[in-house]
Amino acid sequence: MYLLHHFPGTAAMAPHLLLRHIGVPFRLEAIDRENGGHKRPEYLALNPSGRIPVLIDGDLVLFETAAICLHLADRHPEAKLAPALGTPQRAELYKWLMFLTNSPQPDLVAFYYTDRFTVDHGETALAACRAAAEKRCMDWFHILDQQLADGRPYLLGADLTLVDYYLFMLGRWGRNFTPGQCPRDLPHLGPFLQRMCRHPVVAATCEAEGLAAPWV
Ligand SMILES: N[C@@H](CCC(=O)N[C@@H](CS)C(=O)NCC(=O)O)C(=O)O
């Protein structure tokens, strides 16, 4: 059985969504995040970066959310979370996954952990840093919005893949941006996020994580 070290609403959500989509037995190991459970030696032995999540698959201890997602997709090809290896569609999946993890995700981290991105912790400097992170994030979300502009239901086209779950998670993190200028307000990404909210796997995961509505 898989074990996912987890805290609601964090990056652990993407693998949690995938595990539910696959329908395989798993257990969530709750991290005592409020009390720095992810910075304790036992957890650092699993993930030296002290970040959530970690997946345990037998003897395999895996950190980095995207790696966990790809591993789950590879272990369960019948779940069709990724197109077949070596196909152009698979390359597209790599492209969007790398884009998500290299562009919006770090800037979302900068939005939420602003004090790590400036040595000036004065109110004005922190607010400026946060506003710049939000602006960068929205530039990335506009690109994702354009990818959905041809009416395709999912990032790669007709079929839902792991990058859609990943995008849902990151789009959700943008819900605290300036009202009216959030991912949910974009013309194509907004409907995508609402559609994902209605997906039974997403609804069940958000409910299981105890997330307050609206989810995006
Ligand atoms: N690159 C890592 C980032 C994970 C990450 O940022 N996790 C956050 C929760 S959403 C965390 O554990 N933050 C605690 C910290 O940075 O101290 C991944 O994708 O797994």
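Residues numbered from 1 in each chain as written. Predicted model: local features only at pLDDT ≥ 70, side-chain atom pairs only at ≥ 80, totals over all residues. Heavy atoms only, no water.

Visitor: Teacher, can you tell me more about the overall build of the protein chain here?
Guide: Looking only at helices and strands, the protein chain features nine helices and four strands. Along the protein chain, from the amino end to the carboxyl end, the secondary structure elements read β-α-β-α-β-β-α-α-α-α-α-α-α. Expected size for 216 residues packed as a compact globule is a radius of gyration near 17 Å; at 17 Å, the protein chain falls within 12% of this value. Its C-alpha atoms give the protein chain principal-axis dimensions of about 50 × 50 × 35 Å. Considering the protein chain as a whole, with its 216 residues, one finds that 51% of them fall into the buried category. A separation of at least 24 residues holds for 64% of the contacts in the protein chain among residues at least 6 apart in sequence. For the protein chain, the accessible area works out to roughly 10300 Å², and carbon and sulfur atoms hold 56% of it. Both charge centroids of the protein chain, one from 20 positive and one from 23 negative side chains, sit 2 Å from each other. (Helix = DSSP H or I, 4+ residues; strand = E, 2+ residues; numbered from the N terminus. Rg over C-alpha atoms; globule rule 2.2 N^0.38 Å. Buried < 20%, exposed > 50% of the residue type's maximum accessible area, 1.4 Å probe, protein only. Contact = heavy atoms within 4.5 Å. Areas by Shrake-Rupley, 256 points an atom, 1.4 Å probe, with all protein chains shown as cover. Lys, Arg positive; Asp, Glu negative; His and termini not counted. Charge placed at Lys NZ, Arg CZ, Asp CG, Glu CD.)

Visitor: Teacher, can you tell me more about the pairing of strand β3 (residues 54-57) here?
Guide: The two faces of the sheet receive side chains in turn, since in a regular strand these alternate between them. Of the two faces of β3, the one carrying V54 and I56 and the one carrying L55 and D57 are both buried. Sheet analysis places strand β1 (residues 2-6) next to β3, joined by three bridges and oriented antiparallel. What sits directly across from H5, in β3, is V54. Bridge analysis of β3 against strand β4 (residues 60-63) gives four bridges, and the strand direction is antiparallel. (Pairing = 2+ DSSP bridges.)

Visitor: Quick question: what am I supposed to make of a nonpolar patch on the surface here?
Guide: Taken together, the side chains of L85, Y94 and M98 define a hydrophobic patch exposed on the protein surface, amounting to about 300 Å² of accessible area. You can call L85 exposed: its relative accessible area is 65%. (Patch = residues over 30% accessible without salt bridge, like charges linked within 9 Å, V, L, I, M, F, W, Y side chains within 5 Å. Salt bridge = Lys/Arg side-chain N within 4 Å of Asp/Glu carboxyl O.)

Visitor: Sorry, what's going on with the sheet that holds β1 here?
Guide: Strands in a sheet are paired, the pairing made by backbone hydrogen bonds, and the direction either parallel or antiparallel. Here four strands make up an open sheet; going across it, the order is β2-β1-β3-β4 and the pairing mixed. The open sheet has two edge strands with one neighbour each: β2 (26-30) and β4. Going across the sheet, the axis of each strand differs from the next one's by a mean of 20 degrees, ignoring polarity. Helix α1 (residues 13-22) rests against β1 and β2 of the sheet, and its axis sits at about 150 degrees to β1. Strands β1, β3 and β4 of the sheet are contacted by helix α3 (residues 65-75), whose axis makes an angle of about 130 degrees with β4. (Axes fitted to C-alpha atoms, helices over the stretch in contact; angles between N-to-C directions.)

Visitor: Hey, could you run me through the packing of helix α5 (residues 104-112) against helix α6 (residues 123-147) in this one?
Guide: Any two packed helices are characterised by how steeply their axes cross, that is the angle between the axes, and by the distance between the axes. The geometry of α5 relative to α6 is characterised by a closest axis approach of 8 Å and an angle of 155 degrees between their N-to-C directions. Classed by the angle they form, the pair α5 and α6 counts as roughly antiparallel. Judged by the twist between their axes, the crossing of α5 over α6 is left-handed. Along the contact surface, α5 presents P104, D107, L108, A110 and F111, while α6 presents R130, A133, E134, R136, C137, W140, F141 and L144. (Parallel < 35°, antiparallel > 145°, perpendicular 65-115°, else oblique. Left-handed = near helix turned anticlockwise from the far one by under 90°.)

Visitor: What should I look at first to understand the site of the ligand in this one?
Guide: The local shell around the ligand holds 13 residues, among which K39, I52, E64, T65 and R116 are the closest. The separation between a nitrogen atom of the ligand and a polar side-chain atom of E64 is 2.8 Å. Protein chains shield 91% of the accessible area of the ligand, which is 510 Å² for the free molecule. Per-class residue counts for the shell around the ligand are five nonpolar, four polar and four charged. Composition of the shell around the ligand by domain shows at least three residues from each of domain 1 (2-79) and domain 2 (88-199). (Near = heavy atom within 4 Å. Polar contact = N/O pair within 3.5 Å; in protein donor to acceptor, adjacent residues only side chain to side chain. Nonpolar A, V, L, I, M, F, W, Y, C, P; charged D, E, K, R; others polar. Domains from an automatic or database assignment.)

Keep in mind these values describe shape, not function.
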